[in-house]
Amino acid sequence: MSALTLPDIAAQLSQQALPLDWVGMCGIAAPLHFDGQVIRASVDAGVSLDDGESRGIHMSRLYLALEAFEHEPLSAALLRRLLERFLDSHQGLSASAFLRLRFDVMLKRSALVSALAGWKAYPIELNAELTDGVFHVELNAQVDYSSTCPCSAALARQLIQQQFLTDFGNRSLSHEAVLSWLGSAQGILATPHSQRSTAYLQTRLHAGVDELPVRALIDHAESALGTAVQTAVKRADEQAFALANGQNLMFCEDAARRLNLALKRLPWIAGFNLRVEHAESLHAHDAVAHSQWQW
Ligand SMILES: Nc1nc2c(ncn2[C@@H]2O[C@H](COP(=O)(O)OP(=O)(O)OP(=O)(O)O)[C@@H](O)[C@H]2O)c(=O)[nH]1
């Protein structure tokens, strides 16, 4: 049978004349060239089906356009060109085109004090859309950090004060005895609870941003929080981490406010939607805060 005789069901008229918002493929494996590495990405590619009379879109045209990822570094311009290609190959059918890329970026992170370093994987999502010539890119990142509860810290300090009165209230103070007491679990008898926490950052990039500021977004968020989770850790690093936590006590509200103020300072961000989740060790549920700006 020749190709000319192959049945083309997508070209038929639809039995229900109804436009669709998004039609395409999800979970396509694609290699991305990004930041000097080749990264495995999962890609969702789609278009709107505005011609409600048409039975289907041309999936293969979208799929084949993605070949460009193999040959060109990832950039906003590349995403836009792909979306233009989606629309060019669906003239008369589609007015909007969409791409979603999910991948992990690996960054090598130095220890806080020692000369060690290790790798961290950050989940990244890029969402791009082209509708009526208007192009948007969203850069989303997931950043893990540690949060120590400020209320729990204050309650623990109060218990330590009470224990101090019990142990030293009726005695004259000796420098040596107090120093030894401060270094004992009997003196510092309570510790605050801490939790591994996650910031989910959704940012919309200004038009004209080409190079995708993935590393800058992650670095900025980690610096605003002050307690990024670590990779290689010796005791000196762990002690520095304990200090960082003590100096950055955070409710989920504090973390959300810090990130809000920090993200607003980034010149390439046109708007954001952020969510922080503190996986509480006090409760079996999470403490969560959201914050938006120009979203
Ligand atoms: N539209 C559509 N196509 C599907 C779906 N599931 C699988 N396909 C297949 O995707 C394949 C590619 O579709 P097209 O891009 O239209 O392929 P084609 O007709 O050979 O290519 P063109 O000549 O460019 O249109 C076809 O074999 C479809 O059957 C679906 O749910 N919707």
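Residues numbered from 1 in each chain as written. Predicted model: local features only at pLDDT ≥ 70, side-chain atom pairs only at ≥ 80, totals over all residues. Heavy atoms only, no water.

With an unreviewed UniProt entry as reference, the protein chain is termed GTP cyclohydrolase FolE2, source organism Pseudomonas fontis. Recorded under Function (unreviewed entry), the UniProt text for the protein chain is reproduced unchanged: "Converts GTP to 7,8-dihydroneopterin triphosphate." (UniProt positions renumbered as here; feature names shortened; annotations may be inferred.)

Trainee: Residue-level account of unusual backbone geometry, with values.
Mentor: Look at D35: it is not a glycine, yet its phi comes out positive at around 55 degrees. Here D35 lies in the loop between β1 (20-34) and β2 (37-49). Among the residues examined, D35 registers a relative accessible area of 47% and is labelled partly exposed. A positive phi angle, near 50 degrees, is found at D132, a position not held by glycine. Topologically, D132 is positioned in the loop between β4 (117-131) and β5 (134-148). (Helix = DSSP H or I, 4+ residues; strand = E, 2+ residues; numbered from the N terminus. Buried < 20%, exposed > 50% of the residue type's maximum accessible area, 1.4 Å probe, protein only.)

Trainee: Account for the packing of helix α3 (residues 150-168) against helix α4 (residues 175-182), with residues named and values stated.
Mentor: α4 packs onto α3 with a crossing angle of 140 degrees between their chain directions and a minimal axis gap of 12 Å. The pairing of α3 with α4 is recorded here as oblique in orientation. The interaxial crossing formed by α3 with α4 has right-handed handedness. In contact with I160, Q163, F164, D167 and F168 of α3, α4 contributes A177, V178 and W181. Within the contact of α3 with α4, the residues separate by chemical class into six nonpolar, one polar and one charged. (Axes fitted to C-alpha atoms, helices over the stretch in contact; angles between N-to-C directions. Parallel < 35°, antiparallel > 145°, perpendicular 65-115°, else oblique. Left-handed = near helix turned anticlockwise from the far one by under 90°. Contact = heavy atoms within 4.5 Å. Nonpolar A, V, L, I, M, F, W, Y, C, P; charged D, E, K, R; others polar.)

Trainee: Could you give an account of the site of the ligand, naming the residues involved and the relevant values?
Mentor: Lining the immediate environment of the ligand, one finds D8, G56, I57, H58, M59, S60 and R61. One nitrogen or oxygen atom from the side chain of H58 is found 2.6 Å from an oxygen atom belonging to the ligand. Between an oxygen atom of the ligand and a side-chain N or O atom of S60, the distance comes to 2.5 Å. Relative to its free-state accessible area of 640 Å², the ligand is covered by the protein chains to the extent of 41%. Split into classes, the residues belonging to the shell around the ligand amount to two nonpolar, three polar and two charged. (Near = heavy atom within 4 Å. Polar contact = N/O pair within 3.5 Å; in protein donor to acceptor, adjacent residues only side chain to side chain. Areas by Shrake-Rupley, 256 points an atom, 1.4 Å probe, with all protein chains shown as cover.)

Trainee: Go over helix α5 (residues 214-225), please, and point to the residues and values.
Mentor: Along its twelve residues, α5 runs 17 Å from first to last C-alpha, staying within 8% of the 16 Å computed at 1.5 Å per residue. Looking at α5, one finds that the buried residues are V214, L217, I218, A221, E222, A224 and L225. For α5, the arc enclosing every buried residue in end-on projection is 160 degrees, short of the 170-degree limit, so these residues lie on one face. Just beyond α5, the residue with positive phi is G226, at close to 80 degrees. (Expected span 1.5 Å × (residues − 1). Arc of directions from axis to C-beta.)

Trainee: Lay out the sheet that holds β5 in plain terms, naming residues and giving numbers.
Mentor: What the eight strands build is an open sheet, ordered β1-β2-β3-β4-β5-β6-β7-β8; its pairing is antiparallel. Whereas interior strands pair on both sides, the edge strands pair on one side only; in this sheet they are β1 and β8 (287-293). Strand-to-strand twist across the sheet, computed as the mean angle between neighbouring axes with direction ignored, equals 15 degrees. As judged from the six bridges shared by β2 and strand β3 (residues 96-110), these two strands associate in the antiparallel manner. Along β3, the bridge assignment pairs G46 with F98. The sheet contacts of helix α2 (residues 76-88) involve β2, β3, β4 and β5, and relative to β3 the element is tilted by about 155 degrees. Across the sheet, helix α7 (residues 252-264) touches β5, β6 (194-205), β7 (269-278) and β8, and the angle it forms with β7 is around 160 degrees. (Pairing = 2+ DSSP bridges.)

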